[in-house]
Amino acid sequence: MFSNCGVIHVEKNKIKEEELFEIAINAGAKDCINLKNAFEIITEKEDFYKIKTELEKKIETFNYSSIEWRPLNHVDLAEDKSEKLLEVLNALEELDDVQNVFTNANLKNLH
Amino acid sequence: MAGHSHWAGIKHKKGRADKERSKIFSKLSREITVAAKLGDKDPDMNPRLRTAIQAAKQANMPKDNISRAISKSEMGGDKNYESLRYEGFGPSNIALIIETLTDNKNRSASSIRTVLQKKWRKIRRNRINYPYVFQLWCNSRRKK
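Rules of the game
- Residues numbered from 1 in each chain as written.
- Chains lettered and ligands numbered in written order.
- Predicted model: local features only at pLDDT ≥ 70, side-chain atom pairs only at ≥ 80, totals over all residues.
- Heavy atoms only, no water.
- Phe/Tyr/Trp six-rings, centres within 6.5 Å; stacked < 30°, edge-to-face > 60°.
- Helix = DSSP H or I, 4+ residues; strand = E, 2+ residues; numbered from the N terminus.
- Buried < 20%, exposed > 50% of the residue type's maximum accessible area, 1.4 Å probe, protein only.
- Pairing = 2+ DSSP bridges.
- pLDDT = per-residue confidence, 0-100.
- Expected span 1.5 Å × (residues − 1).
- Polar contact = N/O pair within 3.5 Å; in protein donor to acceptor, adjacent residues only side chain to side chain.

Trainee: What is the right way to look at the packing of aromatic side chains in this model?
Mentor: In this description, a pair of aromatic rings is defined by centroid distance and the angle of the planes. Residue and element names in this part refer to chain A. The full count for this structure, using the stated rule, is 2 aromatic pairs over all chains. Centre to centre, the rings of phenylalanine 21 and phenylalanine 39 are 5.6 Å apart; their planes meet at 80 degrees, and the pair counts as edge-to-face. Separated by 18 residues along the polypeptide, phenylalanine 21 in helix 1 (residues 17–27) and phenylalanine 39 in strand 3 (residues 38–44) bring together distant segments of the chain. Taking the relative accessible area as the measure of exposure, phenylalanine 21 reaches 14% and is therefore buried.

Pasting the structure below:
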């Protein structure tokens, strides 16, 4: 239901799209996506640190990078439901032991 | 559509009150401690530690806190963090993955369960005759 993969976000003004994607693909990235405010590199979990080290040669810092659980299929929720789910997520995050929470729902109010 | 809904990338950037900031710091420093414990103390040699430190810097965590978290790993001490993953399924086909780093897995499991039961009841209140319960599985597979 979920796949474990590495995610790297690079700011758009740091590097050109083609250049970044070429480095990433050559290093073994799974997918490169052009998001609204960042480039996103998806990697296998095992390759994450390898690819990141490769990219660090070109770019000093990343917007965001971590190993995530990405849902294979998203679930659409109505607005009121996604608000409540957000409440649950927030409450879970409040717990000291919890590091990360991932969900397969599309949270509308986060867009 | 990928990447638009994920929660992990957004949560640290959202404006949060100071009280919650310290919570984020404690989570980030826990990850730093564990990363430093498992590998090299030098971030240049330890990519996991490097990633953890970068995340901490992005959250504006003070340098002191970062170095304190690293030195904590050398002390060894009585706290042994374990990495556990919980998976939950609920109404409307919602699935959750909850990653934890804890020194007491009984506590973390029961607190997660409490939150889900309390909060989830709210979600399904309007369809009470639909007896979904949030189910929780624990994969006690250690990370690395």
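Trainee: Looking at this model, I keep getting lost on the pairing of strand 1 (residues 82–89) of chain B. Mind explaining?
Mentor: The side chains of a regular strand alternate, first on one face of the sheet and then on the other. All names here are of chain B. The buried count for strand 1 comes to 7 of 8 residues, which makes it a mostly enclosed element. Relative to strand 2 (residues 95–102), strand 1 runs antiparallel, the two being bridged by 8 bridges. Each residue of the ladder has a partner; that of phenylalanine 89, found in strand 2, is alanine 95. Counted along the chain from strand 1 to the antiparallel partner strand 2, the turn is 5 residues long, and its residue serine 92 has a positive phi close to 55 degrees.

Trainee: What exactly am I supposed to notice about the confidence of the model for chain A here?
Mentor: Low pLDDT marks regions whose predicted coordinates should not be analysed in detail. Taken as a whole, chain A shows an average pLDDT of 85; of its residues, 96% reach a score of 70 or greater. Highest mean pLDDT in chain A belongs to strand 3 of chain A (90); lowest belongs to helix 3 (residues 79–94) of chain A (82).

Trainee: Got a minute to help me understand helix 3 (residues 47–58) of chain B in this structure?
Mentor: Residue and element names in this part refer to chain B. An ideal rise of 1.5 Å per residue puts 16 Å on 12 residues; helix 3 measures up with 16 Å between its terminal C-alpha atoms. All buried positions along helix 3 are accounted for by Arg48, Leu49, Arg50, Thr51, Ala52, Ile53, Gln54 and Ala56. Between the side-chain oxygen at the start of helix 3 and the backbone nitrogen of arginine 48 there is a gap of 3.2 Å, and the oxygen is on asparagine 46. Downstream of helix 3 by one or two residues, asparagine 60 has phi in the positive range, about 60 degrees.

Trainee: What am I meant to see in unusual backbone geometry here?
Mentor: Note on backbone geometry: most residues besides glycine have negative phi, and most peptide bonds are trans. All names here are of chain B. Even without being a glycine, asparagine 60 presents a positive backbone phi close to 60 degrees. As for its position among the elements, asparagine 60 is in the loop between helix 3 and helix 4 (63–75). Taking relative accessible area as the criterion, asparagine 60 reaches 56% and is therefore assigned exposed.

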